[in-house]
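# Observations on the three-dimensional arrangement
Each chain, letter by letter, is given below.
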Amino acid sequence: MGWYEQRFEQRPGRIECRCLHCSRQYWLPPSQASKRTTCGDDCRSKLNEAAVRARQRDCAHCGHTFSPRLAQIAGGG
C-alpha cells in the first residue's frame, strides 16, 4: 500500500482533515496538515480551475474573457 492510500486510513498521531473540494475525510502527519487542503491531485486541480473561473473578467476594450492574477485584482486591475 502506497502513501496515497494510507492517507485515507485513520492512524495514531495523524490529524483528521477534510478536502476543500470533495469534503472527503483524510489523515495527515502534523507536519503536513497545515500544508495540504485537498485529498489529492485531482481535487487540487479542480479547486484551482474553479478559482480561475471565479476570477474571470471581460475586457472593457475588446470584450475578450481573461483571468487576471490575484495581485492584479488586489491592485484594482
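Structure report, in brief. (Residues numbered from 1 in each chain as written. Predicted model: local features only at pLDDT ≥ 70, side-chain atom pairs only at ≥ 80, totals over all residues. Heavy atoms only, no water.)

A word on the packing of aromatic side chains. The full count for this structure, using the stated rule, is zero aromatic pairs. Sitting above the plane of the phenylalanine 8 ring, arginine 24 keeps its charged end 3.6 Å from the centroid. (Phe/Tyr/Trp six-rings, centres within 6.5 Å; stacked < 30°, edge-to-face > 60°. Lys NZ or Arg CZ within 6 Å of the ring centre and 35° of its normal.)

With that settled, the discussion passes to the pattern of salt bridges. All chains considered together, the criterion is met by two salt bridges. Where glutamate 16 meets arginine 18, a salt bridge forms, and the shortest distance between an N and an O atom there is 3.8 Å. Residue glutamate 16 is classed as partly exposed on the basis of its relative accessible area, which comes to 46%. Of the residues examined, arginine 18 reaches a relative accessible area of 46% and is grouped as partly exposed. (Salt bridge = Lys/Arg side-chain N within 4 Å of Asp/Glu carboxyl O. Buried < 20%, exposed > 50% of the residue type's maximum accessible area, 1.4 Å probe, protein only.)

Glancing now at unusual backbone geometry. At serine 23, a residue that is not glycine, the phi angle is positive and equals roughly 65°. Among the structural elements, serine 23 can be located in the loop between strand E1 (15-18) and strand E2 (25-28). (Helix = DSSP H or I, 4+ residues; strand = E, 2+ residues; numbered from the N terminus.)

Counting eight residues, the largest nonpolar core is built from Phe8, Cys17, Cys19, Tyr26, Leu28, Ala33, Cys39 and Cys43. Setting aside anything within four residues of it in sequence, one finds leucine 28 in contact with Trp3, Arg7, Arg14, Ile15, Cys17, Ala33 and Arg36. (Core = buried A, V, L, I, M, F, W, Y, C linked by side-chain atoms within 4.5 Å. Contact = heavy atoms within 4.5 Å.)

In the sheet, E1 pairs with E2 via four bridges, with the strands oriented antiparallel. Considered in E2, the bridge of cysteine 17 is made with tyrosine 26. If you look at the hairpin formed by E1 and E2, you'll find six residues sitting between the two strands, and serine 23 has a positive phi there, around 65°. (Pairing = 2+ DSSP bridges.)

Another point: the side chain of arginine 55. Inspection of the secondary structure puts arginine 55 in the loop between helix H3 (41-54) and strand E3 (57-58). This buried residue, arginine 55, is left without a salt bridge; glutamate 49 holds the nearest opposite charge, at 12 Å. Beyond its immediate stretch of four places on either side in the chain, arginine 55 contacts Phe66, Ser67, Pro68, Leu70 and Ile73. (Lys, Arg positive; Asp, Glu negative; His and termini not counted.)

Locating threonine 38 in the fold gives a position in the loop between helix H2 (30-33) and H3. According to the relative accessible area criterion, threonine 38 is buried, its value standing at 7%. In terms of polar contacts, threonine 38 uses its side chain to reach the backbone carbonyl oxygen of glycine 40, at 3.4 Å. Aside from chain neighbours lying at most four places away, what touches threonine 38 is Arg7, Cys19, Tyr26, Cys43, Arg44 and Leu47. (Polar contact = N/O pair within 3.5 Å; in protein donor to acceptor, adjacent residues only side chain to side chain.)

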